[in-house]
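Notes for the structure review
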Amino acid sequence: MYPGNEELVALSAAAAVISRIRLTTSVLLGPLYTNAALLAKQAASLDRLSGGRFVLGVGLGWRDDDYAASGLPTAGRGRRLEEQLAEMKRVWSGEERGFAGAIGPEPGREGGPELVLGGGTPAGFRRVARLADGWMGGGTPEMFAEASVGVAAAWKEAGRAGAPGKLALAYFALGPDARAHADGYLRHYYGFPGEAAAQIAAGAAVSAEMVASYTAAYAAAGCDELIFVPAASGLEQVGLLAEATG
């Protein structure tokens, strides 16, 4: 519902002008894309066009109006997501479908794009262990550390080798009007659940010191990759973040 660009379209534009940075949806609401075969084709196309740099982050979301606007119920969305991901994996594997054969194109990464799932519940952790390459969490570094224990336990219980990739999100705004930008954007974007918006806005990194502190805290919590999400739209934010992270 929020007036941002659709993720796959926006990342396709980005893929055309950059050659090294990975492209990640964080996160795309899978159940809203009801044609799993078509979503698999779109994701494979983006992965191939970007040379295998696409990371498909998928989740359920928490805005009921997203589902209402799509004419879809929120009930059963976890089950629908699991069915969708299983179908997409079959498409990416090259499974033949009728006269035309497999649904192309072949992804840039064998087996399909890297798949990361969001979520903070035991059911979500088990879904990561069964179907994904990694997990993406939000909240504070302390909340991330606590949830990542659950992800690791589910991964081990499922008999998966190694460890899941662990990604986190942190909002930031830098420069002279940093706090105003963070409050203006995040209080509006998260206004639907009420009081949570103020808490989320207050947690945005609005100084170079806060950026450095968050980076260290998430690393200590076991985070493999921290994605800083801008709460201000000016392109200068990219340079300011680069300076803050050294």
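Look a little higher up for the structure.
These lines cover the structure that appears in this document, whether it is placed above or below. None of the values given here were measured: they were computed from a predicted structure.

Here's the deal with helix H7 (residues 178-189)
A rise of 1.5 Å per residue sets the reference length of H7, with its 12 residues, at 16 Å; its end C-alpha atoms lie 16 Å apart and thus fit the reference within 8%. Every buried residue of H7 is accounted for by Ala178, Ala182 and Leu186. Angular distribution of buried residues about the axis of H7 spans 25°; they occupy a single face of the element. Of the exposed residues in H7, those oriented more than 90 degrees away from the buried face are Ala180 and His188. The elements touched by buried residues of H7 are strand S6 (165-172) and helix H8 (196-202).

Considerations on the nonpolar core
When a protein is soluble and globular, its nonpolar side chains tend to lie buried together. Counting residues in each nonpolar core, the largest one holds 46 residues, and the members touching the most others are Phe54, Leu56 and Met88. Among all residues touching Leu56, those that are not within four sequence positions of it are Thr25, Ala43, Met88, Trp92, Pro113, Glu114, Leu115 and Val116. Counting residues in hydrophobic clusters, the runner-up holds 11 residues, among them Leu186, Ala197, Ala231 and Ala232.

Comments concerning unusual backbone geometry
Most peptide bonds take the trans form, and the phi angle of most residues other than glycine is negative. Between Ser26 and Val27 the backbone carries a cis peptide bond, its omega angle lying at -5°. Counting through the fold element by element, Val27 comes out in the loop between strand S1 (23-24) and strand S2 (28-29).

Describing the environment of Ala43
Secondary-structure assignment places Ala43 in helix H2 (residues 36-49). For Ala43, a relative accessible area of 0% puts it in the buried group. Considered as a pair, Ala43 and Pro113 are 70 residues apart in the sequence and their alpha carbons are 7.2 Å apart.

Considerations on the packing of aromatic side chains
A complete count under the given rule lists 10 aromatic pairs for this structure. When the ring of Trp135 is compared with that of Phe144, the centres are 5.0 Å apart and the planes differ by 25°; the resulting orientation is stacked. Accessibility classification places Trp135 together with Phe144 in one group, the buried group. Judged by centre distance (6.1 Å) and plane angle (90°), the ring pair of Phe172 and Phe228 falls under edge-to-face. Of this pair, Phe172 sits in strand S6 while Phe228 sits in strand S7 (residues 225-230), and the two are 56 residues apart along the sequence. Take Phe172 and Phe228: they sit in the same class, and that class is buried. Three or more aromatic residues link up through ring pairs in this structure, and these residues are Tyr2, Trp62, Tyr171, Tyr185, Tyr189 and Tyr190. Here the basic side chain of Arg63 rests over the ring of Tyr189, its NZ or CZ set 5.9 Å away from the ring centre. For Arg160, the ring lying beneath its charged end belongs to Trp155, and the centroid distance is 3.9 Å.

Quick notes on the rules
- Residues numbered from 1 in each chain as written.
- Predicted model: local features only at pLDDT ≥ 70, side-chain atom pairs only at ≥ 80, totals over all residues.
- Heavy atoms only, no water.
- Helix = DSSP H or I, 4+ residues; strand = E, 2+ residues; numbered from the N terminus.
- Expected span 1.5 Å × (residues − 1).
- Buried < 20%, exposed > 50% of the residue type's maximum accessible area, 1.4 Å probe, protein only.
- Arc of directions from axis to C-beta.
- Contact = heavy atoms within 4.5 Å.
- Core = buried A, V, L, I, M, F, W, Y, C linked by side-chain atoms within 4.5 Å.
- Phe/Tyr/Trp six-rings, centres within 6.5 Å; stacked < 30°, edge-to-face > 60°.
- Lys NZ or Arg CZ within 6 Å of the ring centre and 35° of its normal.

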